[in-house]
Amino acid sequence: MGVLGGNFYSASEITGFMREFGTMDDAIVDEGHFFVAEDDHGAIIGSGGWTRLRPSYANGLDDGAPTAGYPTVRSVFVDPAAVRRGVGTAVMHRAERDAATNGHDTLHLTATLSGLALYQSLGYRTQEVTSLRLPDRVRFACVKMEKRLTELAVV
């Protein structure tokens, strides 16, 4: 977040987000839908997943919409040294196939501005531009998105 988000957020916004919400949401691991991408040497270069559990950041959303029960992509991260090599796309495709295999036809997510282009390229559509409330009245801009999975080939 500190490296890739620096072109989209101020240092205080990034610090506030990291302090308040962190980067890893344990719910995706707990529910069993967490995936990693490794390089040829076994080093983790990307991660992400989805869950139906309430996101840790949900209380900070400005809109107050319900977030539990919806299959939601979370904690998608790519090592800055591995960006633009298809790592994020591979993680997202794996998460989408898993969600479809588990009976879901739509995935939701709340994108950071630094992740927005990836999600748009994968067919996610903007539902709402919103922000997270951070301490000291700082706002962290984000975009609620969704994608229908009905066209995926489940393998």
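For the structure, check the block above.
What comes next concerns the included structure. (Residues numbered from 1 in each chain as written. Predicted model: local features only at pLDDT ≥ 70, side-chain atom pairs only at ≥ 80, totals over all residues. Heavy atoms only, no water.)

**Details of the overall build of the chain**
Operational definition: The numbering of helices and of strands both runs from the N terminus, where a helix is a DSSP run of H or I of at least 4 residues and a strand a run of E of at least 2. By the convention used here, residues are in contact when the closest approach between their heavy atoms is within 4.5 Å. What sets the accessible areas is the Shrake-Rupley method with a 1.4 Å probe; for residues, cover comes only from the shown protein chains.
What the chain contains, in helices and strands, is four helices and six strands. Starting at the N terminus and walking to the C terminus, you meet the elements of the chain as α-α-β-β-β-α-β-α-β-β. Counted over contacts in the chain with a minimum sequence separation of 6, partners at least 24 positions apart contribute 61%. On the chain, roughly 8400 Å² of surface is accessible, and the fraction owed to carbon and sulfur atoms is 49%.

**A few points about the pattern of salt bridges**
What counts here: Salt-bridge detection follows one rule: a side-chain nitrogen of Lys or Arg within 4 Å of a carboxyl oxygen of Asp or Glu. Relative accessibility decides the category of a residue: with a 1.4 Å probe and only protein chains considered, values under 20% of the type maximum give buried, values over 50% give exposed, and everything between is partly exposed.
This model, assessed by the stated rule, comprises three salt bridges. A salt bridge links Glu96 to Lys147; the nearest nitrogen and oxygen atoms lie 3.2 Å apart. Linking Glu96 in helix 3 (residues 87–101) with Lys147 in strand 6 (residues 139–148), this pair joins segments that are 51 residues apart in sequence. When its relative accessible area of 0% is taken as the criterion, Glu96 is described as buried. For the salt bridge of Asp105 with Arg148, the shortest nitrogen-to-oxygen distance reads 3.4 Å. Placement of the pair is Asp105 in the loop between helix 3 and strand 4 (106–112) and Arg148 in strand 6, with a sequence separation of 43 residues. Here Asp105 falls in the partly exposed class, since its relative accessible area comes to 38%. When its relative accessible area of 47% is taken as the criterion, Arg148 is described as partly exposed.

**Topic: the layout of surface pockets**
Where we set the bar: Grid spacing is 1 Å over the protein atoms alone, the probe is 1.4 Å, and a cavity is where that probe fits but cannot get out, while a pocket is an open set with protein on both sides within 12 Å along at least five of seven lines and lining residues have an atom within 4 Å of a point. Grid points are joined across faces, edges and corners, and a volume is the space filled by probe spheres set on the points. The classification used treats Ala, Val, Leu, Ile, Met, Phe, Trp, Tyr, Cys and Pro as nonpolar, Asp, Glu, Lys and Arg as charged, and all other residues, Gly among them, as polar.
Here the largest pocket defines a volume of roughly 1000 Å³. Lining of the largest pocket is provided by 42 residues; of these, Val76, Thr112, Ser114, Gly115 and Tyr119 occupy positions nearest its centre. Of all elements in the fold, only strand 3 (72–78), helix 3, strand 4, helix 4 (116–121) and strand 6 reach the threshold of two or more residues within the lining of the largest pocket. With six residues, the top contributor of residues to the lining of the largest pocket is strand 3. Grouping the constituent residues of the lining of the largest pocket by class yields 25 nonpolar, 13 polar and four charged.

**Comments concerning the sheet that holds strand 6**
Counted only if it meets this: Here the rule is simple: two strands pair whenever DSSP picks up at least two bridges between them. Between N-to-C directions, angles cover 0 to 180 degrees, with each direction set by a line fitted to C-alpha atoms, over the stretch in contact for helices.
Ordered in space as 1-2-3-4-6-5, the six strands form an open sheet in which the pairing is mixed. Every interior strand has two partners, whereas the edge strands, strand 1 (34–38) and strand 5 (125–133), have only one. Averaged over all adjacent pairs, the angle separating strand axes in this sheet is 25°, with direction ignored. Bridge count for strand 5 against strand 6 is eight bridges, and the pairing is antiparallel. By the bridge assignment for strand 6, Arg133 is matched with Arg139.

**Re the packing of aromatic side chains**
Our working rule: Aromatic pairing here means that ring centres of Phe, Tyr or Trp (its six-membered ring) are within 6.5 Å. Orientation follows from the plane angle: under 30 degrees is stacked, over 60 is edge-to-face, and everything else is tilted.
This structure, assessed with the given rule, holds three aromatic pairs. Consider the rings of Phe17 and Phe140, whose centres lie 4.5 Å apart with planes at 20°: the pair is stacked. Here the residue Phe17 occupies a position in helix 1 (residues 11–20), and Phe140 occupies one in strand 6, the gap between them amounting to 123 residues. Phe140 carries the same exposure label as Phe17, and that label is buried. What links up through ring pairs into an aromatic cluster is the set Tyr9, Phe17 and Phe140.

**Here we look at the nonpolar core**
What counts here: To define a nonpolar core, start from buried Ala, Val, Leu, Ile, Met, Phe, Trp, Tyr and Cys residues and group those joined through side-chain atoms within 4.5 Å.
Counting 17 residues, the largest nonpolar core has Val73, Met92, Leu107, Leu109, Tyr119, Tyr124 and Met145 as the members making the most contacts within it. At the level of secondary structure, the elements contributing two or more residues to this core comprise strand 3, helix 3, strand 4, helix 4 and strand 6. Discounting chain neighbours no more than four positions away, the residues touching Tyr124 are Val73, Met92, Glu96, Leu107, Leu109, Tyr119, Met145, Glu146 and Lys147. With nine residues, the next largest nonpolar core counts Met1, Tyr9, Leu132 and Cys142 among its residues.

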